[in-house]
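Below, each chain spelled out in residue letters.
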Amino acid sequence: METDVVICGGGPVGLMLAGELQLAGVGVLVVERRTGIDPTIKAGGISTATAEAMYRRGLLPALARQRPAFARTRPPGVPRPAGQFAGIPIDGDLIDTGDPAFRDTGPAGELMVAQQRLEQVLEDHAISLGAVVRRGVELTGFETDDGGVTVRLGRESVRAGWLAGCDGGRSAVRKLAGFAFPGTGPTLTGRQAVVELADAGGLCPGWHAAAGGQIGYWPMPGRIVTVEFDGPPADRDAPVTATEIEDSVRRVSGTEIRIGEVRTATRYTDNSRLAATYRIGRVLLAGDAAHVHSPFGGQGLNLGLGDAVNLGWKLAATIRGGAPGGLLDTYSTERRPIAEWVLDWTRAQAALMRPDAHSAALREVVTGLLATRDGATYVATRLSGLRHRYPGLGSHPLAGTSAPDLEFADGTRLGEHLTAGGGLLLDLAGSAAVRDLAMGRVRTQTTKCPGRPGLTGVLVRPDGIVAWAGEDGATEGLETALTTWFGTAL
């Protein structure tokens, strides 16, 4: 069998990448060792930046129909939740929605959806575009050469041009290819479970700092989280039992509970590592294969999906031919700094959660900052992914950011014109010069944007990032942007 790309790992990141590649006309084989979608409790939502990516591919309606893994409920009088930082809740009513980071996102916004349901939507999408997904198949090795990669799947071999490792934190692809994976070791054991409580004892809803660490409890649907700073678990893969959770709750908070049934449960640590590069020759990494960290702040799934959207169009252009020199290398240079930030923010949260006097004092300071309008807004916009900006794409405020969902004179919005996955140059001033520069390189659309009358045009990459924007008739920098991202004119 031959294919353009073998993707090892059929989780959300691998499936998102498969969809992006197939959308660009590149053949994909996804191999996943699990026979079905992993039912273990994982992420329960996606950020606004990730929802934008789903919107641009027409996937938001399918996700909006899914029931969330757990709903954010609040008793009367409790502030509207907008996430948390180190277990410190962010009051949604404090957030300044006029902050520049909250540029028009259209229908995209933070969405509560179980990771398993997201995975099913992405699998259906990838298969509908022609991707082949094979479950119950494990990668056992591979060899690379100048022309491609020979991937071993048990006794079978598949020839591909490229191999993408999207196979999680213990990635076989990363290890076999020899990617350096430096970082910091684990200092804690976290447990997350959805249980049926026979006796809730004195558990109080919400996140709480306690003498033995951190504890969180949400009565609907019976979700319990504990964090203990006693090092990593002796056996991370052993089943999480009711007794283990009961004992952890007791150690952390002194509360006695009794669990009737464990519906789903998992352990995690704050092991934080980042691949030195995301590419070695014809082998690439994305998602947890490239970076691991604690789940504090809910950044892992979003970070990995961002990798897939950034990588997909660049790898596809390289495979099809005619890609600008160095295009594929920008995947690593653009995405690694964001992963570095995520790792640092999760480490900072772990430091705030430790049950010692110094961390408790710092926690009081941060709690006070989050109780201010500026503090809540800053942290919320960072966690949402809306402050990320790729460098080197120009001086215009929009350059390097996720494109705002501009509304056009005909009533359509920008996101609706990006579902095909290609780049798009918006000619908003009826400029023949703008259209001539784009000829043969990228699709052009001439339209009007009443809400932004000063914009001459906007060049949007296939991943939704603004590569160029001009004001008041100026086209300076457009040729450079087109050449950098879409090659020279034919």
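Read on for a plain summary of the structure. (Residues numbered from 1 in each chain as written. Predicted model: local features only at pLDDT ≥ 70, side-chain atom pairs only at ≥ 80, totals over all residues. Heavy atoms only, no water.)

## A short note on the overall build of the chain
Piece 1. Regarding its fold elements, the chain presents twelve helices and 24 strands.
Piece 2. For 490 residues, the compact-globule estimate of 2.2 N^0.38 gives 23 Å, and the chain sits close to it at 23 Å.
Piece 3. If one aligns the C-alpha atoms of the chain with their principal axes, the spans along those axes are about 70 × 60 × 40 Å.
Piece 4. For the chain, the proportion of its 490 residues judged to be buried stands at 54%.
Piece 5. Long-range contacts, defined as pairs at least 24 residues apart, comprise 70% of the intrachain contacts of the chain with a sequence gap of at least 6.
Piece 6. When the accessible surface of the chain is split by element, carbon and sulfur atoms take 53% of a total near 20,300 Å².
Piece 7. Across the chain, the 49 positively charged side chains and the 53 negatively charged ones have centroids separated by 2 Å. (Helix = DSSP H or I, 4+ residues; strand = E, 2+ residues; numbered from the N terminus. Rg over C-alpha atoms; globule rule 2.2 N^0.38 Å. Buried < 20%, exposed > 50% of the residue type's maximum accessible area, 1.4 Å probe, protein only. Contact = heavy atoms within 4.5 Å. Areas by Shrake-Rupley, 256 points an atom, 1.4 Å probe, with all protein chains shown as cover. Lys, Arg positive; Asp, Glu negative; His and termini not counted. Charge placed at Lys NZ, Arg CZ, Asp CG, Glu CD.)

## Looking at the layout of surface pockets
Piece 1. Counted as a void, the second largest pocket has a volume near 460 Å³.
Piece 2. Around the second largest pocket, the lining is made up of 25 residues, and of these Ala 317, Arg 320, Arg 441, Trp 485 and Phe 486 lie nearest the centre.
Piece 3. Put simply, the parts of the chain that give the lining of the second largest pocket at least two residues each are helix 1 (12-23), helix 7 (300-320) and helix 12 (478-486).
Piece 4. Tallying contributions element by element places helix 7 first for the lining of the second largest pocket, with three residues.
Piece 5. Grouping the amino acids of the lining of the second largest pocket by side-chain chemistry returns 13 nonpolar, eight polar and four charged. (1 Å grid on protein atoms, 1.4 Å probe; cavity = no way out; pocket = protein on both sides within 12 Å on 5 of 7 lines; lining within 4 Å. Points joined across faces, edges and corners; volume = space filled by probe spheres on them. Nonpolar A, V, L, I, M, F, W, Y, C, P; charged D, E, K, R; others polar.)

## A closer look at the sheet that holds strand 20 (residues 291-292)
Piece 1. Reading across the sheet, the three strands line up as 11-17-20 and stay open at both edges, with antiparallel pairing between neighbours. If you trace the sheet from one side to the other, it starts and ends with strand 11 (183-184) and strand 20, each paired once.
Piece 2. Alignment of strand 11 against strand 17 (residues 272-274), held across two bridges, turns out to be antiparallel. Bridging from a neighbouring strand, Thr 184 pairs with Ser 272 of strand 17. (Pairing = 2+ DSSP bridges.)

## Here we look at the sheet that holds strand 12 (residues 189-199)
Piece 1. Judged by pairing direction, the sheet is antiparallel, and its five strands sit side by side in the order 13-14-15-12-16 without closing on themselves. Every other strand in the sheet has two partners, leaving strand 13 (206-210) and strand 16 (258-268) as the edge strands with one partner each. The mean inter-strand angle of the sheet, taken between neighbouring strand axes irrespective of direction, is 20°. (Axes fitted to C-alpha atoms, helices over the stretch in contact; angles between N-to-C directions.)

## Things to note about the pairing of strand 1 (residues 2-8)
Piece 1. The element strand 1 is extensively covered by neighbouring structure, given that five of its seven residues are classed as buried.
Piece 2. Across six bridges, strand 1 lies against strand 10 (residues 156-165) in parallel orientation. Bridging from a neighbouring strand, Val 6 pairs with Leu 163 of strand 10.
Piece 3. Summarising the sheet, strand 1 and strand 2 (residues 28-32) pair through four bridges and their orientation is parallel. Counterpart to Ile 7 in the pairing with strand 2 is Val 30.
Piece 4. In this view, the connection linking strand 1 to its parallel neighbour strand 2 by way of helix 1 has right-handed handedness. (Right-handed = clockwise from strand over helix to strand, strands pointing away.)

## Re the pairing of strand 2
Piece 1. A large share of strand 2 lies buried, amounting to five of its five residues.
Piece 2. Across four bridges, the pairing between strand 2 and strand 7 (residues 132-135) is parallel. Residue pairing for strand 7: Val 30 is matched across the bridge by Val 133.

## Let's talk about the environment of Lys 448
Piece 1. Relative to the elements of secondary structure, Lys 448 occurs in the loop between strand 22 (443-446) and strand 23 (455-460).
Piece 2. Spatially, the C-alpha atoms of Lys 448 and Ala 177 are 49 Å apart, while their sequence positions differ by 271 residues.
Piece 3. Sequence-distant contacts of Lys 448, that is, excluding residues within four places in its chain, are made with Glu 407, Phe 408, Ala 409, Leu 428 and Ala 429.

## Some words on empty space enclosed by the protein
Piece 1. Counting across every chain of the model gives four cavities of 30 Å³ or more.
Piece 2. Around the largest cavity sit 29 residues that line it, and Ala 49, Gly 306, Arg 335, Gly 385 and His 388 are the ones nearest its centre.
Piece 3. Those elements giving two or more residues to the lining of the largest cavity turn out to be helix 2 (48-56), helix 7, helix 8 (329-353) and helix 10 (373-384).
Piece 4. Top element by residues in the lining of the largest cavity is helix 7. It accounts for six residues.

## A short note on the packing of aromatic side chains
For any two aromatic rings, the description comes down to two numbers: the centre-to-centre distance and the angle of the planes.
Piece 1. Under the defined criterion, the tally for this structure stands at eight aromatic pairs.
Piece 2. Arranged with centres 5.4 Å apart and planes meeting at 55°, the rings of Tyr 278 and Tyr 331 form a pair that is tilted. On the criterion of sequence distance, the pair formed by Tyr 278 in the loop between strand 17 and strand 18 (279-280) and Tyr 331 in helix 8 is long-range, its members being 53 residues apart. The same class applies to Tyr 278 and to Tyr 331, which are both buried.
Piece 3. Summarising the aromatic geometry, the rings of Trp 345 and Tyr 378 are spaced 6.3 Å apart at their centres and angled 50° between planes, so their arrangement reads as tilted. In this pair, Trp 345 is assigned in helix 8 and Tyr 378 in helix 10, connecting sequence segments 33 residues apart.
Piece 4. Judged by relative accessible area, Tyr 378 falls into the partly exposed class, the value being 36%.
Piece 5. Every member of this aromatic cluster is reached through a ring pair, and the members are Phe 85, Trp 341, Trp 345 and Tyr 378. (Phe/Tyr/Trp six-rings, centres within 6.5 Å; stacked < 30°, edge-to-face > 60°.)

## Section: helix 12
Piece 1. Buried within helix 12 are the following residues: Leu 478, Ala 481, Leu 482, Trp 485 and Phe 486. One side of helix 12 holds all its buried residues, which, seen down the axis, span an arc of 100°.
Piece 2. One or two positions beyond helix 12, positive phi appears at Gly 487, with a value near 90°. (Arc of directions from axis to C-beta.)

## Overview of the side chain of Ser 171
Piece 1. Within the secondary structure, Ser 171 is located in the loop between strand 10 and helix 5 (172-177).
Piece 2. On the basis of relative accessibility, which here comes to 0%, the residue Ser 171 falls in the buried class.
Piece 3. Reaching out from Ser 171, the side chain makes a polar contact with the side chain of Asp 167 at a distance of 2.6 Å.
Piece 4. Residues in contact with Ser 171, not counting those within four places in the same chain, are Leu 285 and Ala 289. (Polar contact = N/O pair within 3.5 Å; in protein donor to acceptor, adjacent residues only side chain to side chain.)

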